[in-house]
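One letter stands for each residue in the lines below.
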Amino acid sequence: MVDVKYWEALKRVPRLGTVRFRRLEAYFGDLERVWHAGLSEFKEAGLDDRTARDLIALRSQTTPDAELEKLKLAGINLVTWHDDDYPARLKEIADPPPVLYYKGTLLPSDERSVAVVGTRGPTSYGREATAGLTAELARNDIAIISGLARGVDGVAHRAALENGGRTIAVLANGMDIIYPREHTNLAQQIMDHGAIVSEYPPGVRPDPRSFPRRNRLISGISRGSLVIEAGEGSGARWTVYHALEQNREVFCVPGSIYSPMSRLTNRLIQEGAKLVSNVTDILEELNLTTVARQVPMPLPVEADDDAESVLLAYLNDEPRHIDDIRRSADIPIASVSSMLTMLELKGQVRQVGCMHYVRLREVSQVYGN
């Protein structure tokens, strides 16, 4: 049985990462001996002088019991790479974190998971693609892994929750900080139906350098990574790089050749990433095909009058701005706005951002072996 308090205490030593943890564990046998060792023993174990002195300095400032108690009071759980609860696929990557902090639950079924990532500023097309594909994955009992960021990440987490699925958010900072702050309520919902996880101890603030490293965990936990929309400079590119290094599948949703938000995804498809036009493309490639779970949804209510029926005729799967709808239907903008609101309440249309609307169809099931 691993005594986690020593793992948690040692995780607070700067620069004590995967390689040094393995070196110390191999030399001392267990981390309790590491905590009580002297400077000469650290040097014999191959630890550099600076890290060894930082470790000794930490011992004078705290105790493993005190650090573990702080975690318990904050409701934060701890798992090491020797524990059964540690995500199985994460153990396979080259540099798994020795310690993983989490709130919520980690389940063996999370092995059936797909990362969904993309730009922080998706187009209406990107939002709709994210919501639709994620919903279908969730209904096939696939856990959704993402980074709690604005944009595609947030849409993916919400779509998983709305469709009765599990989702895991991987943070780039300590568990006592939710970033961005507007996702605080979303984070709580994720904890109730999945988990938020981090390799960083409480107190570590978001840092630009920590996000690319965080993304190796997003891809590492997952069987494959789905990129919805991403420009060449998007942080999602780090998830792709890590996924390729980890020998994981990369999936991309194609986009307009004129859209900056699709430049990375379109290029990746050219270079061999799997093009995704529906959820079956992902399920079959990962050998996860199953019969979709039925999620009770309210049936669309028929339009009440001829005017609403006319308006619906100008809507389909492609997002249309309210001004374009008004021009096509030749109806006053106030009437269009009122009717769209009523049709949205009836489940006939959905606003997908920035006053763009799509017509909702009855959701089809995905069937497999």
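Draft legend 1. Structural detail: the sheet that holds strand 6 (residues 194-198). Here we have nine strands laid out as an open sheet, ordered 1-2-6-5-4-3-7-8-9, and mixed in their pairing. Looking along the sheet, the strands with just one partner apiece sit at the ends: strand 1 (77-80) and strand 9 (274-275). Sheet topology note: the strand 1/strand 2 (residues 99-104) ladder contains four bridges and is antiparallel. Its bridge partner being in strand 2, Thr 80 is matched across the sheet by Val 99.

Draft legend 2. Spotlight on the packing of aromatic side chains. Summed over all chains, the structure comprises six aromatic pairs. Here Trp 7 and Phe 21 contribute two aromatic rings whose centre-to-centre distance is 5.7 Å and whose plane-to-plane angle is 25 degrees, an arrangement assigned as stacked. Taken together, the residues span a long stretch of sequence, with Trp 7 in helix 1 (residues 4-10) and Phe 21 in helix 2 (residues 18-28) at a distance of 14 residues. Of the two residues, Trp 7 and Phe 21, both sit in the buried class. Through a chain of ring-to-ring contacts, the aromatic side chains of Trp 7, Phe 21 and Trp 81 assemble into a single cluster. Taking the ring centre of Phe 211 as reference, the NZ or CZ of Arg 120 above it sits at 5.9 Å.

Draft legend 3. Representation of helix 12 (residues 263-270). Of the positions making up helix 12, those classed as buried are Leu 264, Thr 265, Asn 266 and Leu 268. Taken together, the buried residues of helix 12 touch strand 7 (224-227), helix 11 (236-245) and strand 8 (249-252). Positioned one or two residues after helix 12, Gly 272 has a phi angle of 120 degrees, which is positive.

Draft legend 4. Structural detail: the packing of helix 7 (residues 124-139) against helix 8 (residues 152-162). Direction vectors running N to C along helix 7 and helix 8 enclose 35 degrees, while the axes themselves pass 8 Å from each other. Considering how the two elements wind past one another, helix 7 and helix 8 form a crossing that is right-handed. On the side of helix 7, the interface is formed by Arg 127, Thr 130, Ala 131, Thr 134, Ala 135 and Ala 138, while helix 8 contributes Val 152, Val 155, Ala 156, Ala 159 and Ala 160. Class assignment of the residues belonging to the contact of helix 7 with helix 8 gives a composition of eight nonpolar, two polar and one charged.

Draft legend 5. Highlighting the confidence of the model for the protein chain. Averaged over all residues, the pLDDT of the protein chain is 89; the fraction at 70 or higher stands at 92%. The low-confidence segment residues 297-302 (pLDDT under 50) makes 10 contacts with residues lying over four places distant or belonging to another chain. Considering only residues more than four positions removed or in separate chains, one finds that residues 362-369, a stretch of pLDDT under 50, has 21 contacts.

Draft legend 6. Inspection of the side chain of Glu 229 at higher detail. Residue position: Glu 229 is located in the loop between strand 7 and helix 11. The charged side chain of Glu 229 is buried without a salt bridge, its nearest counter-charge being Arg 127 at 7.9 Å. Looking at Glu 229, its side chain comes within polar contact range of the side chain of Thr 123, at 2.7 Å. Ignoring anything within four residues of it in the chain, the contact list for Glu 229 reads Gly 118, Thr 119, Pro 122, Thr 123, Tyr 125, Gly 126, Met 261, Ser 262 and Thr 265.

Draft legend 7. Representation of empty space enclosed by the protein in the model. Following the criterion strictly, the structure yields one cavity of 30 Å³ or more and no others. Of the pockets and cavities examined, the largest cavity occupies roughly 50 Å³. Taken together, Arg 120, Gly 147, Ala 149, Arg 150, Tyr 179, Pro 180, Phe 211 and Arg 214 form the lining of the largest cavity. The residue inventory of the lining of the largest cavity, partitioned by class, reads four nonpolar, one polar and three charged.

Draft legend 8. Looking closely at the environment of Leu 90. As for its placement among the helices and strands, Leu 90 is situated in the loop between strand 1 and strand 2. Taking the relative accessible area as the measure of exposure, Leu 90 reaches 0% and is therefore buried. Residues Leu 90 and Gly 147 lie 57 residues apart in sequence; the distance between their C-alpha atoms is 16 Å. For Leu 90, the residues in contact, after removing those within four places along its chain, are Pro 96, Pro 97, Leu 100, Leu 217, Gly 220 and Ile 221.

About the criteria used
- Residues numbered from 1 in each chain as written.
- Predicted model: local features only at pLDDT ≥ 70, side-chain atom pairs only at ≥ 80, totals over all residues.
- Heavy atoms only, no water.
- Pairing = 2+ DSSP bridges.
- Helix = DSSP H or I, 4+ residues; strand = E, 2+ residues; numbered from the N terminus.
- Phe/Tyr/Trp six-rings, centres within 6.5 Å; stacked < 30°, edge-to-face > 60°.
- Buried < 20%, exposed > 50% of the residue type's maximum accessible area, 1.4 Å probe, protein only.
- Lys NZ or Arg CZ within 6 Å of the ring centre and 35° of its normal.
- Contact = heavy atoms within 4.5 Å.
- Axes fitted to C-alpha atoms, helices over the stretch in contact; angles between N-to-C directions.
- Left-handed = near helix turned anticlockwise from the far one by under 90°.
- Nonpolar A, V, L, I, M, F, W, Y, C, P; charged D, E, K, R; others polar.
- pLDDT = per-residue confidence, 0-100.
- Lys, Arg positive; Asp, Glu negative; His and termini not counted.
- Salt bridge = Lys/Arg side-chain N within 4 Å of Asp/Glu carboxyl O.
- Polar contact = N/O pair within 3.5 Å; in protein donor to acceptor, adjacent residues only side chain to side chain.
- 1 Å grid on protein atoms, 1.4 Å probe; cavity = no way out; pocket = protein on both sides within 12 Å on 5 of 7 lines; lining within 4 Å.
- Points joined across faces, edges and corners; volume = space filled by probe spheres on them.

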